[in-house]
Structures are given as C-alpha cells and as structure tokens.
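Structure assessment
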Amino acid sequence: MQIIDKAGTYTLGSRTVKRLGYGAMRLAGPGVFGPPRDTAEAAAVLREAVALGINHIDTSDYYGPYVVNQLIRETLAPYPDDLVIVTKIGARRGEDGSWLPAASPEELRQAVYDNLRNLQLDVLDVVNMRFWGDNGHDPAEGSVEPALAVLAELQREGLIRHIGLSNVTPRQVEEALGICEIVCVQNQYNLAHRADDALIDTLAARAIAYVPFFPLGGFSPLQSETLSRVARQLEATPMQVALAWLLQRSPNILLIPGTSSLAHLRENVAAAAVELPDEAIAALDGIGAMPLPA
C-alpha cells in the first residue's frame, strides 16, 4: 500500500521526503516518559511506517528519554538509504518526567553526541533547535543566536547536515536566517490553531519546509462538529480529514502525525488519498476563525 505517494514530496535540506511522515514521540510510555507499553507493538509500528513508504521520521533523545531513539536504532538500523531522521535538541527530562530547558553550549553539544550514539549515526540529517517559550509550548521572543551558533559550529564539524527551528516566532525565524541556513520550522499548527498562517506562506516562498507539531490537536484531539460533518460526507475519519486539510494548505507542509497503534498509523497514511472538494475546504477553513476553548 503506497497511498502515501499521493501526498507528493518536498525538499528537506539536501534530501527529498514524502510529505506524510511519522512522529515517534508517542512510542515512549505515558507522558512521553519511560519505555513503551508494548515494545513489540512499537517496533512493529516503525517497521510498518517504512513499509508503507514513509521516509521521514521525527524524533528526539528527550522522548523517553533515550528510549525512542534506541528503539528506532534497534528496529530500523541499518537504515534504508532514503530514510531521513530528524531530531530535536534543547530540552531534557527530570527524574519525575518534567520537561526542562537544556540550551547551554555544553548541553546542546552533548545532546548531539547522544543522538548520534543512540541512533547509531555518523551525522544527523536535520537537527531542530527547540526553544521554550510561554508555558513550554507557545513561542516567546528572545534571541536565537546563542543556540544557533553552537549548532552552526557542529555543522561545520560535520556532525549535523542541516538545521531547523522549533517553537519560534516569525521574528526569530528572520534572525535565524541571518545566522545560518534553515531548512524547516516546526511549530504548533492545525485546523484550530492557525497563528502561523502568514509564516507558512512566507516560508513557502523561500522553499523552507513547515512541519506542524500537534497536527491532530496533540494530547487533546481536535473536536469540531464541522470537522465531523465533513468527514461523514467524505466517508473518512475526522483525523484523516484534518490531515488532508493540512496537506492541501500549502505544498511546503510536511506532516508527522504520531501514534503507537498500527491501525492508527494505517489510518493516518490513508489520509493522503482523501480528496477535499472546495466546499469542504471552505467549511474547514472556518474552524480556524472560531475562538479556541478556554
């Protein structure tokens, strides 16, 4: 089943990836902490993702921590030639599972070494620098130069091929582009959270990929009667329609929906085949104009 090919491809740095990829975060235990509930099932999901044609996996060493990257290595290495593994740095996990910033030069350098070791790679294709803003999720202004200077140095050393950004503002993107080449931006964006509409278009004009995290709402899945109605009309699931909307939103959007379920993985991949007529797109566009629940 290669439904995923219908979504097309996009350039990510020096690599070409299919626009529907896979986010590995949910392979860790509850709260993205500790080992998977079912290690065999988690490994099966990774193998099935590759078998279905996915060649872009998003991960991080702070998922687990270390657990997810080690599972990817144990399951998929030696890696297929076309597989692009994108990782993130800039955080660490407390002993209680808390998410803590880790952005000193020493911490960033060690994070790259740890990712290389746990993924069993000589060079990381793409490293996203994850910034921590308001409440840990919402971007907040502040200079990106100190962190990117470290990544640029690691890039010159040959440990990183390409650099991306995560959880940033448009102003920070502009600052970053004056420091080094940026190949992707990873921010929260979905049918209901549309703050980055203008940024997506700006990046598209510059041929920079935009990778929405929480494309299906994250830990609180998208809930909308409009979405459910459109899904019924198209004989698809609401989540498939939400992914299909993102694919049609802009050609530079790369999707990384995550799951630890084989059934959900196959459902997500099938979203690439969902055709959205103009009236469905208009209805779905209206969801973003509605106020978000408090």
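See above for the structure.
Per chain, the residues get numbers from 1 upward, laid out in the order the sequence is written. Totals for whole chains, interfaces and linings use all residues, but because this is a predicted model, local features are given only for residues with pLDDT of at least 70 and pairs of side-chain atoms are given and counted only at 80 or more. Hydrogens and waters are ignored; side-chain quantities use all the structure's heavy atoms.

1. Focus: the pattern of salt bridges
In plain terms, the rule: Salt bridges are defined as contacts in which a side-chain nitrogen from Lys or Arg sits within 4 Å of a carboxyl oxygen from Asp or Glu. Helix and strand definitions follow DSSP, with helices as H or I runs of at least four residues and strands as E runs of at least two, each counted in order from the N terminus.
Scanning all chains against the criterion turns up 14 salt bridges. One salt bridge in this structure joins R266 and E48, with 3.1 Å as the shortest N-O distance. Of the two residues, R266 is situated in helix α9 (residues 262-270) and E48 in helix α1 (residues 39-51); the sequence distance between them amounts to 218 residues. If you follow the salt bridges from partner to partner, you end up with R194, D197, D201 and R249 in one network.

2. Describing the packing of helix α8 (residues 238-249) against helix α10 (residues 278-285)
Basically, it comes down to this: Axis angles are defined between N-to-C directions and span 0 to 180 degrees, where every axis is a line fitted to C-alpha atoms and, for a helix, only to the segment in contact. Throughout this description, any angle smaller than 35 degrees is read as roughly parallel, any larger than 145 degrees as roughly antiparallel, any in the 65 to 115 degree range as roughly perpendicular, and the remainder as oblique. Residue contacts are defined here by distance: any two heavy atoms, one from each residue, within 4.5 Å place the two residues in contact. Polar here means any residue other than Ala, Val, Leu, Ile, Met, Phe, Trp, Tyr, Cys and Pro, which are nonpolar, and Asp, Glu, Lys and Arg, which are charged; Gly is therefore polar.
Remark: α8 packs on α10, axes separated minimally by 11 Å, with the N-to-C direction vectors making an angle of 100 degrees. The orientation of α8 with respect to α10, classified from their angle, is roughly perpendicular. Contacts from V241, W245 and Q248 in α8 reach I281, L284 and D285 in α10. In the contact of α8 with α10, the residues fall into four nonpolar, one polar and one charged.

3. So, the sheet that holds strand β3 (residues 22-23)
Threshold: In this scheme, strands are said to pair when DSSP sees at least two bridges between them.
One open sheet accounts for seven strands, arranged β3-β4-β5-β8-β9-β10-β11; its pairing is parallel. Of all strands in the sheet, those bounded by a partner on one side alone are β3 and β11 (209-210). In terms of strand pairing, strand β9 (residues 160-166) meets strand β10 (residues 184-186) through three bridges, oriented parallel. Across the sheet, the residue bridging to G164 is C184, located in β10.

4. Examining helix α6 (residues 197-205)
Going by this rule: Exposure classes here rest on a 1.4 Å probe applied to the protein chains alone. A residue is buried below 20% of its type maximum, exposed above 50%, and partly exposed in between. Arc definition: directions from the helix axis to the C-beta atoms.
Within the span of α6, buried status applies to L199, I200 and L203. Summarising the axial view, the buried residues of α6 lie within an arc of 100 degrees, below the 170-degree limit, and thus occupy one face. Summarising the geometry of α6, the exposed residues directed more than 90 degrees from the buried face are A198 and A205. In the core, the buried residues of α6 are packed alongside α5 (170-177), β10, β11 and α8. A207 sits one or two positions beyond α6 and adopts a positive phi of about 60 degrees.

5. Focus on the side chain of H162
Tracing the backbone shows H162 in strand β9. Excluding anything up to four places from it in sequence, H162 contacts G13, S14, L124, D125, V126, V127, Q155 and V183.

6. A look at the pairing of strand β2 (residues 15-18)
Bridge analysis of strand β1 (residues 9-12) against β2 gives four bridges, and the strand direction is antiparallel. In the sheet register, T11 faces β2, and the bridge partner there is T16. Once β1 ends, the chain turns through two residues before running back antiparallel as β2, passing G13 with a positive phi of about 65 degrees.

7. Quick look at the pairing of strand β5 (residues 84-89)
Threshold: Crossover handedness is defined by viewing with both strands directed away from the observer: a clockwise path from the first strand over the helix to the second marks the crossover as right-handed.
Within β5, six of the six residues are buried, leaving the element largely enclosed by the surrounding structure. Neither face of β5 is left uncovered, since the one carrying V84, V86 and K88 and the one carrying I85, T87 and I89 both have all their residues buried. Summarising the sheet, strand β4 (residues 56-58) and β5 pair through three bridges and their orientation is parallel. Directly across from H56, in β5, lies its bridge partner V84. Chirality of the crossover, the property in question, places the unit of β4, helix α2 (residues 67-76) and β5 among those that are right-handed. Where β5 meets strand β8 (residues 124-130), four bridges bridge the pair, whose relative direction is parallel.

8. Details of unusual backbone geometry
Residue G64 is joined to P65 through a cis peptide bond whose omega torsion reads -5 degrees. In this structure, P65 sits in the loop between β4 and α2. A cis amide bond, omega -5 degrees, links A77 with the succeeding residue P78. Residue position: P78 is located in the loop between α2 and β5. One non-glycine residue, V32, adopts positive backbone phi at about 60 degrees. With respect to the element layout, V32 can be found in the loop between β3 and α1. The backbone of N167 shows a phi angle near 65 degrees, a positive value even though the residue is not glycine. Mapping N167 onto the fold places it in the loop between β9 and α5.

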